[in-house]
Amino acid sequence: MVTAKNQNRRARALITGGTSGIGLALAMGFAEEGYEVLSAGFGEMPENQDRIEQMYTKINIVLLLYQT
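Residues numbered from 1 in each chain as written. Predicted model: local features only at pLDDT ≥ 70, side-chain atom pairs only at ≥ 80, totals over all residues. Heavy atoms only, no water.

Across all of its chains, the model carries 1 aromatic pair by this definition. Centroid distance Phe-30 to Tyr-35: 4.8 Å. Interplanar angle 70 degrees. Geometry classified as edge-to-face. A residue is classified by how much of its surface remains accessible, and Phe-30, at 27% relative accessible area, is partly exposed. We classify Tyr-35 as partly exposed; its relative accessible area is 28%. (Phe/Tyr/Trp six-rings, centres within 6.5 Å; stacked < 30°, edge-to-face > 60°. Buried < 20%, exposed > 50% of the residue type's maximum accessible area, 1.4 Å probe, protein only.)

If you want it as structure tokens, here you go:
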């Protein structure tokens, strides 16, 4: 329900596994719909990390990547 109190707030999404597959697609989709997106992931650095960081910076997604 939209009220005068929260009408100016942007919706937020926290995406896990946002460096590949469904997580990456979700992060991109939510960002394109105007959500503030925080995407988190862990594990090995993905092969396409530079491309992901460039895309995320372009559409203003914050990426937290924890290397194991």
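Attention now goes to a nonpolar patch on the surface. On the surface, Leu-14, Leu-38, Phe-42, Val-62, Leu-64 and Tyr-66 cluster together into a nonpolar patch covering about 620 Å² of accessible area. Where the nonpolar patch is concerned, the elements lending two or more residues are strand S2 (36-43) and strand S3 (61-67). Checked against the element boundaries, Leu-38 lands in strand S2. (Patch = residues over 30% accessible without salt bridge, like charges linked within 9 Å, V, L, I, M, F, W, Y side chains within 5 Å. Areas by Shrake-Rupley, 256 points an atom, 1.4 Å probe, with all protein chains shown as cover. Salt bridge = Lys/Arg side-chain N within 4 Å of Asp/Glu carboxyl O. Helix = DSSP H or I, 4+ residues; strand = E, 2+ residues; numbered from the N terminus.)

Topologically, Arg-12 is positioned in strand S1 (residues 12-16). Owing to a relative accessible area of 65%, Arg-12 belongs among the exposed residues under this scheme. For Arg-12 and Val-37, which are 25 residues apart along the polypeptide, the C-alpha to C-alpha distance reads 5.9 Å.

Okay, the nonpolar core next. In terms of nonpolar packing, the biggest core is built from 10 residues, these being Ala-13, Ile-15, Leu-24, Ala-27, Met-28, Ala-31, Val-37, Ile-52, Tyr-56 and Ile-61. Counting residues per element, the ones that place at least two in this core are S1, helix H1 (21-32) and helix H2 (49-58). In terms of residue count, the dominant contributor to this core is H1 (4 residues). Residues contacting Ala-13, with those up to four places away along its chain left out, are Phe-30, Tyr-35, Glu-36, Val-37 and Leu-38. (Core = buried A, V, L, I, M, F, W, Y, C linked by side-chain atoms within 4.5 Å. Contact = heavy atoms within 4.5 Å.)

Looking now at the environment of Glu-32. With respect to the element layout, Glu-32 can be found in helix H1. Each C-alpha atom, one on Glu-32 and one on Asn-60, is 9.7 Å from the other, the two residues being 28 residues apart in sequence.

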